[in-house]
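# Reading the structure
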Amino acid sequence: MDTGISRKWMDLRDNQRLPIETAVGVAVASGLRRFFVNKPQFRGDMRNASQGGLLLRVDRVVPPGAVLKVWVQVEYKGEWQTLELPGDVIWSRPDNSTGSFLMGVCLRSRPGRSM
C-alpha cells in the first residue's frame, strides 16, 4: 500500500535529487585530523545528489554529526577530475536489502552556506 509519505517528504526538500550513481571515496574527519584529511579511508557508492547534499551507501556505520570528505570523479570537457566535497552526516541507517548502510550528507560548500 502506497501511503504517499515518501512523496510528501520529497516535496519538502529544498533541491531536486538527481539519480547519480557512482563510486566515491570517503574519509571521516576527527580530532586534530579534522581539517587535514587528504585521502579516502574507505569506498562507497553515491546513490543520488542535489545542490545541498548526497545520499551515500557504505559498508560501515558513520554516525550522525560526523564530518566527512567525499571524493567523486566527474568527467568535464573530456577530462576526469576529482571533486573533494566536505559535508556533515545528517542521518544514517542500515540498508537491510544489501547489508550496508545509507547516510544523508549535507554539503558544507554549497551556495549560501559558509564552511
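No experiment lies behind these values; they were computed from the predicted model shown. (Residues numbered from 1 in each chain as written. Predicted model: local features only at pLDDT ≥ 70, side-chain atom pairs only at ≥ 80, totals over all residues. Heavy atoms only, no water.)

## So, the side chain of Ser50
Tracing the sequence through the fold places Ser50 in the loop between β2 (42–49) and β3 (53–58). Ser50 gets classed as buried once you look at its relative accessible area, which sits at 12%. (Helix = DSSP H or I, 4+ residues; strand = E, 2+ residues; numbered from the N terminus. Buried < 20%, exposed > 50% of the residue type's maximum accessible area, 1.4 Å probe, protein only.)

## Here we look at the sheet that holds strand β6 (residues 100–107)
Pairing is antiparallel around the closed barrel formed by six strands, whose spatial order is β1-β2-β3-β6-β5-β4. Within this sheet the neighbouring strands show an average axis-to-axis angle of 45 degrees, counted without direction. Bridging between strand β1 (residues 22–29) and β2 involves five bridges; their strand directions are antiparallel. Paired with Val24 across the two strands is Gly44, which belongs to β2. (Pairing = 2+ DSSP bridges. Axes fitted to C-alpha atoms, helices over the stretch in contact; angles between N-to-C directions.)

## Considerations on the pattern of salt bridges
With the rule as written, the count across this model stands at five salt bridges. The partner of Arg47 in a salt bridge is Glu21, and the shortest N-O contact between them spans 3.1 Å. Taken together, the residues Arg47 in strand β2 and Glu21 in the loop between α1 (5–12) and β1 connect sequence positions 26 residues apart. Taking the shortest distance from any N to any O, the salt bridge between Asp59 and Arg60 comes out at 3.0 Å. We classify Asp59 as exposed; its relative accessible area is 51%. Exposure remark for Arg60: the relative accessible area of 35% places this residue in the partly exposed category. (Salt bridge = Lys/Arg side-chain N within 4 Å of Asp/Glu carboxyl O.)

## Considerations on the environment of Asp95
With respect to the element layout, Asp95 can be found in strand β5 (residues 79–95). In the structure, Asp95 is positioned 36 residues away from Asp59 in sequence and 9.8 Å away in space, judged by C-alpha atoms. Once you skip the residues sitting within four places of it in the chain, Asp95 turns out to touch Arg57, Ser100, Phe101 and Leu102. (Contact = heavy atoms within 4.5 Å.)

## Some details on the nonpolar core
Among the nonpolar cores identified, the biggest contains 19 residues, and Leu54, Leu56, Leu68, Val70 and Met103 are the most heavily contacted of them. Of all the elements in the fold, those that place two or more residues in this core are β1, β2, β3, β4 (67–76), β5 and β6. Sort the elements by how many residues they give to this core and β6 lands first, with four residues. Residues within four places of Val70 in sequence aside, it is in contact with Val24, Gly25, Leu54, Leu56, Leu83, Glu84 and Leu85. If you look at the next biggest cluster of nonpolar residues, it comprises five residues, including Ala27, Val37, Val67 and Trp71. (Core = buried A, V, L, I, M, F, W, Y, C linked by side-chain atoms within 4.5 Å.)

## Examining the confidence of the model for the chain
Model confidence for the chain is summarised by a mean pLDDT of 83, while 77% of its residues fall at 70 or above. The low-confidence segment residues 1–10, where pLDDT is below 50, has zero contacts with residues more than four positions distant or belonging to other chains. (pLDDT = per-residue confidence, 0-100.)

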